[in-house]
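Structure assessment
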Amino acid sequence: PTSRASTRYFRLTACLVAADVQPVRTAHYRSLLRRLDEHLRALPLDLLAYCLVPHALHLVLAARERQALDAFVARVAGTRYPGRREPARRLPVVVRHARSGRELIGHCAFVERRPVALGLVRQAQDWPWSSVAERFRLEARLPLRPAGC
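These figures come from a predicted structure and were not determined experimentally. Residue numbers restart at each chain and count upward from 1, following the sequence in its written direction. Totals for whole chains, interfaces and linings use every residue, but because this is a predicted model, local features are given only for residues with pLDDT of at least 70 and side-chain atom pairs only at 80 or more, for both listing and counting. Hydrogens and water are ignored here; the side-chain numbers use all heavy atoms of the structure.

So, about the nonpolar core. Among buried residues, the Ala, Val, Leu, Ile, Met, Phe, Trp, Tyr and Cys ones that are joined through side-chain atoms within 4.5 Å form a nonpolar core. Type-normalised accessible area, obtained with a 1.4 Å probe on protein chains alone, sets the label of each residue: buried when under 20%, exposed when over 50%, and partly exposed for intermediate values. One finds Leu12, Leu36, Leu59, Leu61 and Phe72 to be the most contacted residues of the largest nonpolar core, which totals 40 residues. With 8 residues, strand S2 (residues 45-53) is the largest single contributor of residues to this core. Here a residue-residue contact requires only that any non-hydrogen atoms of the pair lie within 4.5 Å. In contact with Phe72, not counting residues within four places along its chain, are Leu12, Leu36, His39, Leu40, Leu43, Leu45, Leu59 and Leu61. Only DSSP runs of H or I reaching four residues or more are called helices, and only runs of E reaching two or more are called strands; each is numbered from the N terminus.

Pasting the structure below:
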């Protein structure tokens with residue numbers, strides 16, 4: 001876990017459409033979550049919120065060191081799509097820094113409400129590939145932490 005005093009917060013968006021790696025089956029979502037879990041456990045980062053939708057992966061992360069965030073972005077950008085044999089295209093990843101507590105809350109709300117905004121579900125907790133649903137699960141799929149811990 002990261003120290004609160006020196007922690008910086010970021011929202012990452014990886015565009016799956018641009019790399020032609022859209023998940024279409026439950027197995028694809030699970031595979032991408034497993035890879036994301038591997039990436040998170042390998043680096044000193046805290047995951048605050050996430051949402052995997054058909055066209056993008058949205059995350060809010062806490063990082064004490066920018067190098068860890070950069071390494072994570074490189075890993076995510078190079079993630080291979082499940083079941084593909086051809087070389088993976090690099091996923092375009094956009095990183096936005098939260099400069100205040102208000103921006104951090106806005107980033108988390110944006111990420112966690114994304115499935116509702118896209119019309120995928122009526123309530124955010126009904127989308128199984130998100131941190132909102134994760135908070136209702138008995139067994140966590142990703143190492144999710146509340147903000148400020």
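Text resumes after the structure shown.
Bringing the pairing of strand S1 (residues 8-15) into the picture now. Of all 8 residues in S1, 6 are buried; the element is thus mostly enclosed. Inspection of the sheet shows S1 paired to strand S3 (residues 56-63) by 8 bridges, in the antiparallel sense. Opposite Thr13, over in S3, you have His58 as the bridge partner. Here, any two strands with at least 2 DSSP bridges between them count as paired. With 6 bridges joining them, S1 and strand S4 (residues 93-98) adopt antiparallel strand pairing. Counted as the bridge partner of Ala14 is Val93 from S4.

The next subject is the pattern of salt bridges. What counts as a salt bridge is simple: a side-chain nitrogen of Lys or Arg found within 4 Å of a carboxyl oxygen of Asp or Glu. A full pass over the atoms with the stated rule returns 3 salt bridges. Among the salt bridges present, the one from Arg41 reaches Asp37, with a minimum N-O distance of 2.7 Å. Of this pair, Arg41 and Asp37 are both found in helix H1 (residues 26-42), 4 residues apart, which corresponds to roughly one turn of the helix. Look at Arg41 and you get exposed, because its relative accessible area is 58%. Among the residues examined, Asp37 registers a relative accessible area of 16% and is labelled buried. Its salt-bridge partner being Asp70, residue Arg66 comes within 3.0 Å of it at the nearest N-O pair. You can see Arg66 and its partner Asp70 sitting in helix H2 (residues 66-77), 4 residues apart, about one turn around the helix. Judged by its relative accessible area of 38%, Arg66 falls in the partly exposed class.

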